[in-house]
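Report on the structure
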Amino acid sequence: MPTHLIVLAAGTGTRMLSDRPKVLHEIGGVPILAHVLAAAEALDGERVIVVGGDGDAVSEEALKTDGRIRVAEQSEQRGTAHAVTMAAPELDGKGGDTLVLLGDTPFIRPDTISALGKARADGAEIVFLGFEASDPARYGRIVSDGTTLLKIVEWKDADDATRALTLCNAGLVLAGTATLLRLAAAAGPKNAAGEHYLTDIAALGRAEGLDVRVVTCAEEEALGINTCADLARAESVFQARARNAAADRGVTLQSPDTVHFAFDTRIDRNVVVEPNVVFGPGVVIESGARIRAFSHLEGCHVGRNSVVGPHARLRPGTKLGAGTQVGNFVEVKNAEFGEGAQAKHLTYIGDASIGRAANVGAGTITCNYDGVSKHRTEIGEKAFIGSSTMLVAPVRIGDEAMTASGTVITRNVPDGDLAIARTRQKNKPGFARKLLARLRATSDTDKAE
Ligand code: UD1
Ligand code: CA
């Protein structure tokens, strides 16, 4: 395993026509960089250095992942070798091996990193990662002799014969730290892009007689994200991996291709996910739950044996206890449901706690916002909220209390009480027929047919 890691992550997504740092575009609901840093974390380097743009949000994202990460700034993107030299002050004299990861290449597997380490342990001084590309596009081409790497030629600088090569550079390189820093500093901007290419350390190393090798990985792992089309491809690779991983953990996906996962989705075994479900970031589902079709969940915890949906929306801060039911067209935000609580139809529950075994009737709304602040609604255990109750927060409904249908609740309801707040119904005998007759008699056109 490498001693140190450098993650190259500076620059905006020029070829994405984007002003944002490229590595902050998202896959599975989190920045591309977060995927790379998760892999880096697994490698447990002594020093992890992320090279980001001057004062951009990349360093913030890196530190959010792990406060021990060091950030080096590269104010002008003068190439991958130049970016490595920006990290040099953190590594000078530190010895060991350094692995360079690209912040736009999120799918490298741990086994692949091990294979690089193995080549290094076998005596190679510099090891690049290559892959056989079905569509080599603009990747750098590797000129090799077996596992010996002779040079890497960037697409922009390659002649037709070199462009015809299908062995491409994935961009990762493992080398002795001192060699890496020395050769990266020596890589000059003598190329079509006028950049300092990290790939040049291959030829520079060869010229010194160093053992430079290439180890290969699957094309899917090497996917580098430069364009919006690449980002879309990466999303589908991520989703395919996430679906397979879920199935391996005993999750039933009835229509896997229609279920969308986030990077951190955690679903226990024995959960059934029906078609067309979207998991945003921060979702945990306990075993035995069923997520019915067309539901959208983010930042929520679903307790065991609960049923969510169809067409439910769980927003951040939702915590459903065991055996709860949240049905169709129910939206829940920042609210807890006690064990067995139910809200099965057409309801908004926001900033609330619903007691164990309480039943929330159709059309109920927690009126949590007064235009300035949010307020909480508390519903006690085994309470029964009649259909179409408006709960004007802050308010508390006691244990085993009831509200009548169509009630607007503005004051607390004590335990065991029934609250009715609606005008009393009056029936006027025969009045409807009389009214209709009068209206028809005075109307110019008869629109009733
Ligand atoms: C690079 C490789 C190419 C390889 C491809 C694999 C070089 C010269 N080329 O090309 O051989 O096939 O990756 O995906 O290394 N970055 C910086 N500072 C810079 C320039 C880049 O931090 O000055 C970072 C970027 O944020 C990016 C990564 O380095 O995450 C790679 O840079 P990019 O410009 O995407 O290189 P490619 O042209 O894709
Ligand atoms: Ca790239």
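These lines cover the structure that appears in this document, whether it is placed above or below. None of these values were measured; they are calculated from a predicted model.

1. Points about the overall build of the chain
Looking only at helices and strands, one finds 9 helices and 33 strands in the chain. Taking 2.2 N^0.38 as the reference for a compact globule, 449 residues should give roughly 22 Å; the C-alpha atoms of the chain span a radius of gyration of 30 Å, well beyond that estimate. Across its three principal directions, the C-alpha atoms of the chain cover 105 × 55 × 40 Å. By the burial criterion, 48% of the 449 residues in the chain qualify as buried. Once local pairs closer than 6 in sequence are excluded, the contacts in the chain between residues at least 24 apart make up 42%. Only carbon and sulfur atoms are counted for the fraction: they give 50% of the accessible area of the chain, which is about 21,300 Å².

2. Details of the pairing of strand β23 (residues 325-337)
With 2 bridges joining them, strand β20 (residues 307-308) and β23 adopt parallel strand pairing. Considered in β23, the bridge of Val 307 is made with Gln 325. Judged from the 2 bridges that link them, strand β21 (residues 313-314) and β23 form a sheet pairing that is parallel. Following the sheet pairing, Leu 314 is matched in β23 by Val 332. Strand direction decides the pairing type here: strand β22 (residues 318-320) and β23, joined by 2 bridges, are parallel.

3. Some details on the environment of Ala 38
The residue Ala 38 is located in helix α1 (residues 32-43) in this model. Accessibility expressed as a relative area gives 29% for Ala 38, which makes it partly exposed.

4. A few points about the side chain of Lys 333
Secondary-structure assignment places Lys 333 in strand β23. By relative accessible area, Lys 333 is classed as buried at 11%. When sequence neighbours within four positions are dropped, the list of residues in contact with Lys 333 reads Arg 315, Pro 316, Thr 318, Tyr 348, Ile 349, Gly 350, Asp 351, Asn 368 and Lys 374.

5. Re the site of ligand 1
Around ligand 1 sit 21 residues in total, of which Ala 10, Gln 74, Thr 80, Glu 154 and Asn 169 are the nearest. Within the contact set of ligand 1, an oxygen atom lies 3.0 Å away from a side-chain nitrogen or oxygen of Lys 22. Here a nitrogen atom of ligand 1 sits 2.7 Å away from a polar atom, N or O, in the side chain of Gln 74. If ligand 1 stood free it would expose 750 Å²; the protein chains cover 87% of that surface. Within the residue set of the shell around ligand 1, elements represented by two or more residues are α3 (80-91) and β10 (167-176).

6. Section: the nonpolar core
Ranked by size, the top nonpolar core spans 88 residues in total, and within it Phe 279, Ile 285, Leu 297 and Val 302 carry the most contacts. Those residues in contact with Val 302 that sit more than four places away from it in its chain are Val 284, Ile 285, Glu 286, Ala 289, Ile 291, Leu 297, Val 308, Leu 314 and Leu 320. The next biggest cluster of nonpolar side chains, apart from the first, holds 32 residues, and it includes Ala 83, Leu 102, Ile 126 and Leu 198.

7. Focus on the environment of Thr 324
Tracing the chain through its elements places Thr 324 in the loop between β22 and β23. Taking the C-alpha atoms as reference points, Thr 324 and Ser 306, 18 residues apart in sequence, are found 4.7 Å from one another. In this structure Thr 324 touches Ser 306, Val 307, Phe 337, Gly 338, Glu 339, Gly 340 and Ala 341, once residues within four positions along its chain are discounted. Engagement of the side chain of Thr 324 in a polar contact is seen with the backbone oxygen of Gly 321, the distance being 3.3 Å.

8. Brief notes about α3
Under the 1.5 Å per step criterion, the end-to-end length of α3 is 17 Å for 12 residues, consistent within 8% with the ideal 16 Å. Those residues of α3 that fall on the buried side of the exposure criterion are Ala 81, His 82, Ala 83, Val 84, Ala 87, Ala 88 and Leu 91. Here the buried face of α3 lies against β1 (4-8), β4 (47-53), β5 (70-74), β6 (97-102) and α6 (177-186). Gly 93 sits one or two residues past α3 and shows a positive phi near 75 degrees.

9. Topic: the coordination of the calcium ion (ligand 2)
On the protein side, the calcium ion (ligand 2) has Asp 104 (OD) and Asn 226 (OD1) as donor atoms, found 2.2 to 2.4 Å from it. One end of the pair, Asp 104, is in the loop between β6 and α4 (110-121); the other, Asn 226, is in the loop between β11 (212-217) and α8 (228-248), and 122 residues separate them in sequence.

10. So, the packing of aromatic side chains
Applying the stated criterion to the full structure yields 3 aromatic pairs. Look at Phe 131 and Tyr 139: their rings are 5.0 Å apart centre to centre, the planes differ by 90 degrees, and that puts the pair in the edge-to-face class. An identical accessibility class is assigned to Phe 131 and Tyr 139; each is buried. Geometry around Trp 155 places Arg 138 over its ring, the cationic atom sitting 4.8 Å from the centre. One Lys or Arg, Lys 428, reaches over the ring of Phe 431 and ends 5.6 Å from the middle of that ring.

11. Points about the packing of α1 against helix α2 (residues 57-65)
Look at α1 against α2: their axes get within 10 Å of each other, and the N-to-C directions meet at 40 degrees. It follows that α1 is oblique to α2 by the angle criterion. In this structure, α1 meets α2 at a crossing whose hand is right-handed. Within the contact between the two elements, α1 uses Leu 33, Ala 34 and Leu 37 and α2 uses Val 58, Glu 61, Ala 62 and Thr 65.

12. Digging into unusual backbone geometry
Across the junction of Gly 309 and Pro 310, the peptide omega takes the value 5 degrees, indicating a cis bond. Structurally, Pro 310 is set in the loop between β20 and β21. The step from Ala 393 to Pro 394 runs through a cis peptide bond, and the omega angle for that step is 5 degrees. The topology assignment puts Pro 394 in the loop between β29 (390-392) and β30 (395-397). For Asn 276, which is not a glycine, the phi torsion comes out positive at approximately 60 degrees. Relative to the assigned elements, Asn 276 resides in the loop between β14 (272-273) and β15 (278-279). The backbone of Leu 346 shows a phi angle near 45 degrees, a positive value even though the residue is not glycine. By the element assignment, Leu 346 lies in strand β24 (residues 342-354).

13. Considerations on a nonpolar patch on the surface
Nonpolar side chains collect at one region of the surface, where Phe 384, Met 402, Leu 418 and Ile 420 lie side by side and expose about 380 Å² of accessible area between them. Within the secondary structure, Phe 384 is located in strand β28 (residues 384-385). When its relative accessible area of 39% is taken as the criterion, Phe 384 is described as partly exposed.

Definitions and cut-offs
Residues numbered from 1 in each chain as written. Chains lettered and ligands numbered in written order. Predicted model: local features only at pLDDT ≥ 70, side-chain atom pairs only at ≥ 80, totals over all residues. Heavy atoms only, no water. Helix = DSSP H or I, 4+ residues; strand = E, 2+ residues; numbered from the N terminus. Rg over C-alpha atoms; globule rule 2.2 N^0.38 Å. Buried < 20%, exposed > 50% of the residue type's maximum accessible area, 1.4 Å probe, protein only. Contact = heavy atoms within 4.5 Å. Areas by Shrake-Rupley, 256 points an atom, 1.4 Å probe, with all protein chains shown as cover. Pairing = 2+ DSSP bridges. Near = heavy atom within 4 Å. Polar contact = N/O pair within 3.5 Å; in protein donor to acceptor, adjacent residues only side chain to side chain. Core = buried A, V, L, I, M, F, W, Y, C linked by side-chain atoms within 4.5 Å. Expected span 1.5 Å × (residues − 1). Donors = N, O, S within 2.8 Å, 3.2 Å for Na, K, Ca; no water. Phe/Tyr/Trp six-rings, centres within 6.5 Å; stacked < 30°, edge-to-face > 60°. Lys NZ or Arg CZ within 6 Å of the ring centre and 35° of its normal. Axes fitted to C-alpha atoms, helices over the stretch in contact; angles between N-to-C directions. Parallel < 35°, antiparallel > 145°, perpendicular 65-115°, else oblique. Left-handed = near helix turned anticlockwise from the far one by under 90°. Patch = residues over 30% accessible without salt bridge, like charges linked within 9 Å, V, L, I, M, F, W, Y side chains within 5 Å. Salt bridge = Lys/Arg side-chain N within 4 Å of Asp/Glu carboxyl O.

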